[in-house]
Amino acid sequence: VIDIVPETGAVFTLNQITNFSNFVGDKIVHGINIENTDNVFVSGNYGLSRLNLSKREFSFSTFTGLDVYGTVSFEGYIYAATEGGIFRVALSEPNLQNFSNWSLLGPESGFPTSYESRAIAVFNNKLYFDINRSLYRMEAAKPALVYTRPGFAIQYLSAEGKNLLVGYRCQSNCDRGALVA
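Quick summary incoming for the structure in this document. Only a predicted model underlies this, so the values are computations on that prediction, with no experimental measurement involved.

Quick notes on the sheet that holds strand S4 (residues 39-44)
Okay, step 1: Strand order in the open sheet made by the four strands is S3-S4-S5-S6, with antiparallel pairing throughout. Looking at which strands have only one partner, the edges of the open sheet turn out to be strand S3 (29-34) and strand S6 (57-63). Neighbour to neighbour, the strand axes of the sheet diverge by 20 degrees on average, direction disregarded.

Considering the environment of Arg56
Okay, step 1: Here Arg56 lies in the loop between strand S5 (47-52) and S6.
Okay, step 2: Residue Arg56 is classed as partly exposed on the basis of its relative accessible area, which comes to 33%.
Okay, step 3: For Arg56 and Asn39, which are 17 residues apart along the polypeptide, the C-alpha to C-alpha distance reads 9.6 Å.

Points about the pattern of salt bridges
Okay, step 1: The final tally for this structure, using the stated rule, is four salt bridges.
Okay, step 2: A salt bridge links Glu35 to Arg50; its shortest N-O distance comes to 2.8 Å. With Glu35 in the loop between S3 and S4 and Arg50 in strand S5, this pair connects stretches of sequence that are 15 residues apart.
Okay, step 3: Using a relative accessible area of 14% as the deciding quantity, one classes Arg50 as buried.
Okay, step 4: One connected set of salt bridges, linked through shared partners, spans Lys126, Arg137 and Glu139.

Here's the deal with the nonpolar core
Okay, step 1: Counting 14 residues, the largest nonpolar core has Tyr79, Ile86, Leu105, Phe111, Ile120, Leu127 and Phe129 as its most contacted members.
Okay, step 2: If sequence neighbours within four positions are ignored, Ile86 has contacts with Tyr79, Ala80, Ala81, Ser103, Leu104, Leu105, Phe111, Tyr115, Ser117, Ile120 and Phe129.

Scoring rules and cut-offs
Here, residues in each chain are numbered from 1, in the same order as that chain's written sequence. Predicted model: local features are reported for residues with pLDDT of at least 70 only, side-chain atom pairs are reported and counted for 80 or more only, and whole-chain, interface and lining totals are derived from all residues. For side-chain calculations, the full set of non-hydrogen atoms in the structure is used, while hydrogens and water are omitted. Any two strands with at least two DSSP bridges between them are considered paired. For helices the rule is a DSSP run of H or I covering at least 4 residues; for strands it is a run of E covering at least 2, with both sets numbered from the N terminus onward. Lines fitted to the C-alpha atoms define the axes, with helices restricted to the stretch that makes contact. Angles between their N-to-C directions range from 0 to 180 degrees. Exposure categories follow from relative accessible area, calculated using a 1.4 Å probe and restricted to protein chains: below 20% of the type maximum is buried, above 50% is exposed, and the middle band is partly exposed. By definition, a salt bridge exists where a carboxyl oxygen of Asp or Glu is found within 4 Å of a side-chain nitrogen of Lys or Arg. In this description, a nonpolar core means a group of buried Ala, Val, Leu, Ile, Met, Phe, Trp, Tyr and Cys residues linked to one another through side-chain atoms lying within 4.5 Å. A contact between two residues is defined here by any heavy atoms of the two lying within 4.5 Å.

Honestly, it's all geometry; don't read function into it.
Here it is, written out as C-alpha cells:
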C-alpha cells in the first residue's frame, strides 16, 4: 500500500500493487525514485511502476520476472537496476509496460556477461550504479569503476543534496555497515 501525503489535504491511499492479479506472491517495494515533480518510479519484486503523484494513478507497470531495486530516467531512457543486471528502455517507447521492449546492458556496452545491480542514481548529471557490489559511473556509454569496498555490498545510493551517498552492508563476519560520501 502506498500513501500519498500532500502538504495540505487528506492522505490518499493507493492499493494497486497489492491488487496486482497477474503477479502471485508477496508484493515487496524495494525503492522509490523521483523522476520529476509529477512522477516517481516504484521498484519492487514484481518489476516497476511509474506513479503520477498529481493524478494519483500509475501510468504504467512493467512485470519483469526479476527483482527491481531502483529505477531512474536519464538522457532519454529509463534504467532499472535488477538482480539480472541493468535494463533500459527509451522514454519514447509507446509500450513501456512490455518488458520485451527493454534491453539488458551487457558485454556490447562494456558490462559483464552476468551481473546484478542493486542501486542506481543520477548525480551531477551522471548515471551511477553498482555492478556486483562496486560503484560505477557511466562514461562515454561504458561503465567506469569509481569505488569498491572489499567485504561490503552496496545497499543504496542517495543523490539528494550536494554529495552522492553510498550505503554499504557488511558481507561477512561483521555487524556494521558503512557510509561513503
